[in-house]
Amino acid sequence: MDTSHQAQAKVFKALCDPKRLSVLEQLRSGEKCACVLLDALELTQSGLSYHMKILCESGIVASRPEGKWTYYRLDPSGSDYAVRLLRELTTPQAPSEAGCALCGR
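What you are looking at is a predicted structure, and each value in this text was computed from that prediction instead of being measured.

(A) Layout of the side chain of serine 58. With respect to the helices and strands, serine 58 occurs in helix α4 (residues 45–58). Not counting chain neighbours up to four residues away, the residues in contact with serine 58 comprise Lys10, Val11 and Ala14.

Okay, structure coming up:
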């Protein structure tokens, strides 16, 4: 698979899970400590770590360590990329001049 497609797939993987969507909803109001997310989402620490790894790898969420906790926030550049990607992938292109070799269109 093309590496650009792998990067694109990470964005959609981040958005295709109800728990991760709940995390994004929590982060809409600002940066949150992992401890706050644990309580709000009723996840185990390992469960939260799993979901946050996927969200961070997608670029939609950024993290920073502070003491023994990690703080998470929405990353505007990752969010902008996700919006552009969805728009690009769902916008029809003009048909190519070559046409289809099989059906002749």
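(B) View of the packing of aromatic side chains. The full count for this structure, using the stated rule, is zero aromatic pairs. The aromatic ring of tyrosine 71 is capped on one face by arginine 64, whose charged end is 4.6 Å from the ring centroid.

(C) How the structure looks around the pattern of salt bridges. Tallied over the full model, the rule gives four salt bridges. Taking the shortest distance from any N to any O, the salt bridge between arginine 28 and glutamate 25 comes out at 3.3 Å. Between arginine 64 and glutamate 31 there is a salt bridge, with the nearest N and O atoms lying 2.8 Å from each other. Of this pair, arginine 64 sits in strand β2 (residues 61–66) while glutamate 31 sits in the loop between α2 (18–27) and β1 (32–33); the two residues are 33 residues apart in sequence, bridging distant segments of the chain. Given a relative accessible area of 29%, arginine 64 falls into the partly exposed group.

(D) Quick look at helix α5 (residues 76–89). Between the first and last C-alpha of α5 there are 20 Å, a value that for 14 residues agrees with the 20 Å anticipated at 1.5 Å per step. Three or more residues of α5 are buried, namely Gly78, Ala82 and Leu85. Viewed end-on, α5 has its buried residues packed into an arc of 65°, placing them on one side of the element. Exposed side chains of α5 directed beyond 90 degrees from the buried face belong to Pro76, Arg87 and Glu88. Looking at the buried side of α5, the elements it contacts are α1 (3–15).

(E) Quick peek at a nonpolar patch on the surface. A contiguous nonpolar patch, built from Phe12, Leu15, Leu21, Leu86 and Leu89 and spanning about 420 Å² of accessible area, is present on the exposed surface. The set of elements that each furnish at least two residues to the nonpolar patch consists of α1 and α5. Tracing the chain through its elements places leucine 86 in helix α5. The exposure class assigned to leucine 86 is partly exposed, which follows from its relative accessible area of 45%.

Definitions and limits used
- Residues numbered from 1 in each chain as written.
- Predicted model: local features only at pLDDT ≥ 70, side-chain atom pairs only at ≥ 80, totals over all residues.
- Heavy atoms only, no water.
- Helix = DSSP H or I, 4+ residues; strand = E, 2+ residues; numbered from the N terminus.
- Contact = heavy atoms within 4.5 Å.
- Phe/Tyr/Trp six-rings, centres within 6.5 Å; stacked < 30°, edge-to-face > 60°.
- Lys NZ or Arg CZ within 6 Å of the ring centre and 35° of its normal.
- Salt bridge = Lys/Arg side-chain N within 4 Å of Asp/Glu carboxyl O.
- Buried < 20%, exposed > 50% of the residue type's maximum accessible area, 1.4 Å probe, protein only.
- Expected span 1.5 Å × (residues − 1).
- Arc of directions from axis to C-beta.
- Patch = residues over 30% accessible without salt bridge, like charges linked within 9 Å, V, L, I, M, F, W, Y side chains within 5 Å.
- Areas by Shrake-Rupley, 256 points an atom, 1.4 Å probe, with all protein chains shown as cover.

Remember that the coordinates give geometry; whether it matters functionally is a separate question.
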